[in-house]
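# Breakdown of the fold
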Amino acid sequence: MKLNIFQKRLIIVSLGILVVLVSSWSFAFKKTWGDYAEIKRMESNLTNAELSQKTIAHLTKQLEGLQVNYKQAPDPSTAKIIFKKISDLSDKHKSLKIVRFPDVHVHQFKKYTIETLEVELEGDFENLLRFMHELETERNIGRIVSSSFDLHKDIRTKKEFLRLTVHIQNTQKMLTDDENA
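Residues numbered from 1 in each chain as written. Predicted model: local features only at pLDDT ≥ 70, side-chain atom pairs only at ≥ 80, totals over all residues. Heavy atoms only, no water.

### Describing the overall build of the chain
Cut-off, in case you're wondering: The helix and strand labels rest on DSSP assignments: H or I over at least four residues marks a helix, E over at least two residues marks a strand, and numbering proceeds from the N terminus. Contacts are assigned to residue pairs with any non-hydrogen atoms lying within 4.5 Å of each other. Residue-level accessible areas treat just the shown protein chains as cover; the underlying method is Shrake-Rupley with a 1.4 Å probe.
Helix and strand counts for the chain come out as four helices and five strands. Reading the helices (α) and strands (β) of the chain from amino to carboxyl end gives α-α-β-β-β-α-β-β-α. Intrachain contacts of the chain at a sequence separation of at least 6 include 62% that bridge at least 24 residues. Here the chain displays about 13,600 Å² of accessible surface, and carbon together with sulfur accounts for 59% of that area.

### Overview of unusual backbone geometry
Filter applied, for reference: Buried residues are those whose accessible area, probed at 1.4 Å on protein chains only, stays under 20% of the maximum for their type, while exposed residues exceed 50% and partly exposed ones sit between those limits.
Even without glycine at this site, lysine 158 takes up a positive phi of about 60°. By the element assignment, lysine 158 lies in the loop between β4 (143-153) and β5 (160-173). On the accessibility criterion, lysine 158 (61% relative accessible area) is exposed.

### Quick word on helix α3 (residues 125-137)
We count it as follows: Each residue after the first adds 1.5 Å to the expected span of a helix. The directions from the helix axis to the C-beta atoms form the arc being described.
With 13 residues, α3 should reach 18 Å at 1.5 Å per residue; the first-to-last C-alpha distance of 18 Å fits that figure. Within α3, the full set of buried residues consists of Asn127, Leu128, Phe131, Met132, Glu134 and Leu135. Around the axis of α3, the buried residues are gathered within 165° of arc, so they sit on the same side.

### Regarding the layout of surface pockets
For clarity, the cut-off: Note on definitions: the grid is 1 Å and covers protein atoms alone; a cavity is a set of points where a 1.4 Å probe fits but cannot get out; a pocket is an open set with protein on both sides within 12 Å along at least five of seven lines; lining residues have an atom within 4 Å of a point. Grid points are joined across faces, edges and corners, and a volume is the space filled by probe spheres set on the points.
Its boundaries defined by the atoms lining it, the largest pocket holds a volume of some 390 Å³. Taken together, 19 residues make up the lining of the largest pocket; nearest its centre are Asn48, Ser52, Asp91, Lys94 and Leu96. Contributing elements (two or more residues each) for the lining of the largest pocket: α1 (5-69), α2 (76-92) and β1 (97-100). For the lining of the largest pocket, the element with the highest residue contribution is α1, accounting for eight residues.

### A word on the nonpolar core
We count it as follows: Here the nonpolar core consists of buried residues drawn from Ala, Val, Leu, Ile, Met, Phe, Trp, Tyr and Cys, with membership extended through side-chain atoms lying within 4.5 Å.
Residues Ile86, Ile98, Phe101, Phe131, Leu135 and Ile168 are the most contacted members of the largest nonpolar core, which totals 24 residues. Elements represented by at least two residues in this core include exactly α1, α2, β3 (112-123), α3 and β5. The dominant element in this core, judged by the number of residues it contributes, is α2, at five residues. Apart from residues lying up to four places away in sequence, isoleucine 168 is in contact with Ile82, Ile86, Glu115, Thr116, Leu117, Leu135, Ile141, Gly142 and Arg143.

### Concerning the pattern of salt bridges
Should the charged atoms of two oppositely charged side chains come close, the side chains can pair. Heads up, the rule is: Between Lys or Arg on one side and Asp or Glu on the other, a salt bridge is scored when a side-chain nitrogen of the former is within 4 Å of a carboxyl oxygen of the latter.
Applying the stated criterion across every chain yields a total of eight salt bridges. Note that glutamate 118 is salt-bridged to arginine 100, the shortest N-O span being 2.9 Å. Taken as a pair, glutamate 118 in strand β3 and arginine 100 in strand β1 lie far apart in primary sequence, 18 residues in all. By relative accessible area, which is 17% here, glutamate 118 ends up buried. Owing to a relative accessible area of 33%, arginine 100 belongs among the partly exposed residues under this scheme. As a salt-bridge pair, arginine 163 and glutamate 120 come within 3.3 Å of each other at their nearest N and O atoms. One end of the pair, arginine 163, is in strand β5; the other, glutamate 120, is in strand β3, with 43 residues separating them in the sequence. Comparing arginine 163 with glutamate 120 shows no difference in burial state: the two are buried.

### Considering the side chain of threonine 116
This is how the line gets drawn: By the criterion applied in these results, polar contacts are pairs of N or O atoms within 3.5 Å in which, for protein atoms, one can donate a hydrogen and the other can accept it, and in which residues neighboring in sequence qualify only through two side-chain atoms.
Tracing the sequence through the fold places threonine 116 in strand β3. Within polar-contact distance, the side chain of threonine 116 engages the side chain of glutamine 169 at 3.3 Å. Sequence-distant contacts of threonine 116, defined by excluding residues within four places in its chain, comprise Asp103, Val104, His105, His167, Ile168 and Gln169.

This is how it looks when you write it as structure tokens:
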């Protein structure tokens, strides 16, 4: 089969367009597409950071309100330090969300004060396990006395989500009048 002059020109022009498209992709569009994807990733990280700060502020206000309502006055610095470390750990695992960080329960037993904090997080199983592992290895936070996983279902959306409830306990020796002086 012989090609006439118009068919040859059409094939040459088509090949030329294909070469121009491939070279323009590799020189210009590929970098632009990569930069666009990087910008979108940075924007989502910034949004997550802003949401985390809002969540911390909201939960701190909620914690203070509950302490005022129940007239409890535990050492606020300990609770704030623990809350800060837990929020830092949950920020490290992007898909985790702090659902509940209620007040500190204080119980006095003989010469000791026992503080118990309950934290509830939501996320996928793998990240929750990594969070638990880091929480266990963190020595300054306290002792983990209990943890449980619960599967919850949202009735409206019919979605299931996993929640982790952790109880952290700190024991401090009460100071007597002789030790205060």
